[in-house]
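Remarks on the overall topology
Given next are the chains, with one letter for each unit.
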Amino acid sequence: MICEICPRHCDLAPGQTGFCRARTNIENKIICSNYGRITSLALDPIEKKPLSGFFPGKRILSVGSFGCNLRCPFCQNHEISMAGDEAQSVYMPPKTLLERASELVPQGNIGVAFTYNEPLISYEYLLDCAKLLKSQGLKVVLVTNGMICKEPLKRLLPYVDAMNIDLKGFTQEYYNFVGGDLGVVLETIELAAKSCHVEISTLIITGKNDSENEMRALSSWLASVDPEIPLHLQRFFPRYKMQDSYPTDTETMRRLRGIAAERLKYVYADNC
Ligand code: SF4
């Protein structure tokens, strides 16, 4: 049976789990086996997602589970993103998540951000929660790598208020390095930008995706979608399988920020 959520299209026999380690063929139906299994929970400032133009100053209950459909060797959350069923978690059905989010409204909470690991692979949980949260006037935020097929994305978007989407680089060669598909991510950004508030994050790694030409191409394309979409350029720091690489230097970050700012209205380079 083929999983239709992301372009990997894993072909799963009964009982088999996909590449993301979070979707399983159970009795000839592929569903997320991490449904409601929360590994991380925190009330974060909305700016930490990062979202700069969506309810600034507010906070958002942020939740994550386990699994991912990419394999970035620099993942800062690899303990949960690369984990499967063995991950330690608490079970939190949609109704309980709604209750937790509602209790936190007096502390500045505006809703729930699905983040930390890739939320789109928890598709059924995400959809159930998003519908419930929206029905109670709470905001739904996704922090995602954007690797989702068009049809499931279209079904989800009416229940999403804001997304921060990783645009990890602007060449398929770089996307091969992380195990993704540039064209799919661009399509996700275009569709999402027509439906909800969108911001973009790009982690800059020396020698991998830090050329001026690549930033020119990335920012030109993003401006063609909407020059008001904020772009967050983030510095790489040694992590996971890339402990031996150097942090991206601040001069490169400032130079790339300047190039992107020629085309985009809001460009941020954190820690620079
Ligand atoms: S979401 Fe998971 S199971 Fe489905 S195609 Fe992608 S990697 Fe495979």
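Parameters at a glance
Residues numbered from 1 in each chain as written. Predicted model: local features only at pLDDT ≥ 70, side-chain atom pairs only at ≥ 80, totals over all residues. Heavy atoms only, no water. Core = buried A, V, L, I, M, F, W, Y, C linked by side-chain atoms within 4.5 Å. Buried < 20%, exposed > 50% of the residue type's maximum accessible area, 1.4 Å probe, protein only. Contact = heavy atoms within 4.5 Å. Phe/Tyr/Trp six-rings, centres within 6.5 Å; stacked < 30°, edge-to-face > 60°. Helix = DSSP H or I, 4+ residues; strand = E, 2+ residues; numbered from the N terminus. Pairing = 2+ DSSP bridges. Axes fitted to C-alpha atoms, helices over the stretch in contact; angles between N-to-C directions. Near = heavy atom within 4 Å. Nonpolar A, V, L, I, M, F, W, Y, C, P; charged D, E, K, R; others polar. Salt bridge = Lys/Arg side-chain N within 4 Å of Asp/Glu carboxyl O. Expected span 1.5 Å × (residues − 1). Arc of directions from axis to C-beta. Parallel < 35°, antiparallel > 145°, perpendicular 65-115°, else oblique. Left-handed = near helix turned anticlockwise from the far one by under 90°.

Another aspect to go through is the nonpolar core. Core analysis: the largest hydrophobic core is formed by 73 residues, its most contacted members being F114, L167 and L231. Discounting residues that sit within four places of it in the chain, L231 has contacts with I200, T202, M215, L218, L222, A260, L264, Y266, V267 and Y268. Core analysis: the next-biggest nonpolar cluster, separate from the first, contains nine residues, I46, L51, F54 and I110 among them.

Turning our attention to the packing of aromatic side chains. Under the defined criterion, the tally for this structure stands at five aromatic pairs. Here F170 and W221 contribute two aromatic rings whose centre-to-centre distance is 6.2 Å and whose plane-to-plane angle is 45 degrees, an arrangement assigned as tilted. Placement of the pair is F170 in the loop between β9 (162-166) and α5 (172-178) and W221 in helix α7 (residues 212-225), with a sequence separation of 51 residues. Accessibility classification places F170 together with W221 in one group, the buried group. Here the aromatic rings of Y174 and F177 are separated by 5.5 Å at their centres, their planes lie at 50 degrees, and the arrangement is tilted.

The strand order across the open sheet formed by eight strands is β4-β5-β7-β8-β9-β10-β11-β12, and the pairing between neighbours is mixed. Unpaired on one side and paired on the other, β4 (40-45) and β12 (267-269) mark the two borders of the sheet. Neighbour-to-neighbour, the strand axes of this sheet turn through a mean angle of 20 degrees, independent of strand direction. Here strand β5 (residues 59-64) pairs with strand β7 (residues 109-114) via four bridges, running parallel. The partner of L61 across the bridge, within β7, is V112. Sitting on the sheet, helix α2 (residues 94-103) is in contact with β4, β5 and β7, with an inclination near 140 degrees to β7. The sheet strands contacting α7 are β10 (197-204) and β11 (231-235), and the helix crosses β11 at an angle near 155 degrees.

The next thing to look at is the site of the ligand. Surveying the vicinity of the ligand reveals the residues C3, I5, C6, R8, H9, C10, G18, F19, C20, R23, N69 and I121. A per-class count over the shell around the ligand returns seven nonpolar, three polar and two charged.

Turning our attention to the pattern of salt bridges. Evaluated as defined, the whole model comprises 14 salt bridges. Residue E251 is joined to R254 by a salt bridge in which the shortest nitrogen-to-oxygen separation is 3.8 Å. Of this pair, E251 and R254 both sit in helix α8 (residues 250-261), separated by three residues, roughly a single helical turn. Overall, E251 belongs to the partly exposed group, its relative accessible area being 42%.

Another aspect to go through is α7. Look at α7: 20 Å from first C-alpha to last across 14 residues, which is about the 20 Å you get at 1.5 Å a residue. Within α7 the residues assigned to the buried category are E214, M215, L218, S219, W221 and L222. Taken around the axis of α7, the buried residues stretch over an arc of 160 degrees, which confines them to a single face. Exposed residues pointing more than 90 degrees away from the buried face of α7 are listed as N213 and S224. Elements that come into contact with the buried residues of α7 comprise α6 (182-193), β10, β11 and α8.

Quick look at the pairing of strand β1 (residues 23-26) now. As paired strands, β1 and strand β2 (residues 29-32) are joined by four bridges and run antiparallel to one another. When the sheet's bridge partners are listed, N25 is paired in β2 with I30. Connecting β1 to the antiparallel partner β2 that follows it, the hairpin turn spans two residues, and E27 within it adopts a positive phi of roughly 50 degrees.

The contact between α2 and helix α3 (residues 123-135) brings their axes to 9 Å, and the two run at 45 degrees. Between α2 and α3, the angle falls in the class oblique. Relative to α3, the crossing made by α2 is right-handed. Listed contacts from α3 to P94, K95, L97, L98 and A101 of α2 are Y125, D128, C129, L132 and L133. Across the contact of α2 with α3, the residue classes break down as eight nonpolar, no polar and two charged.

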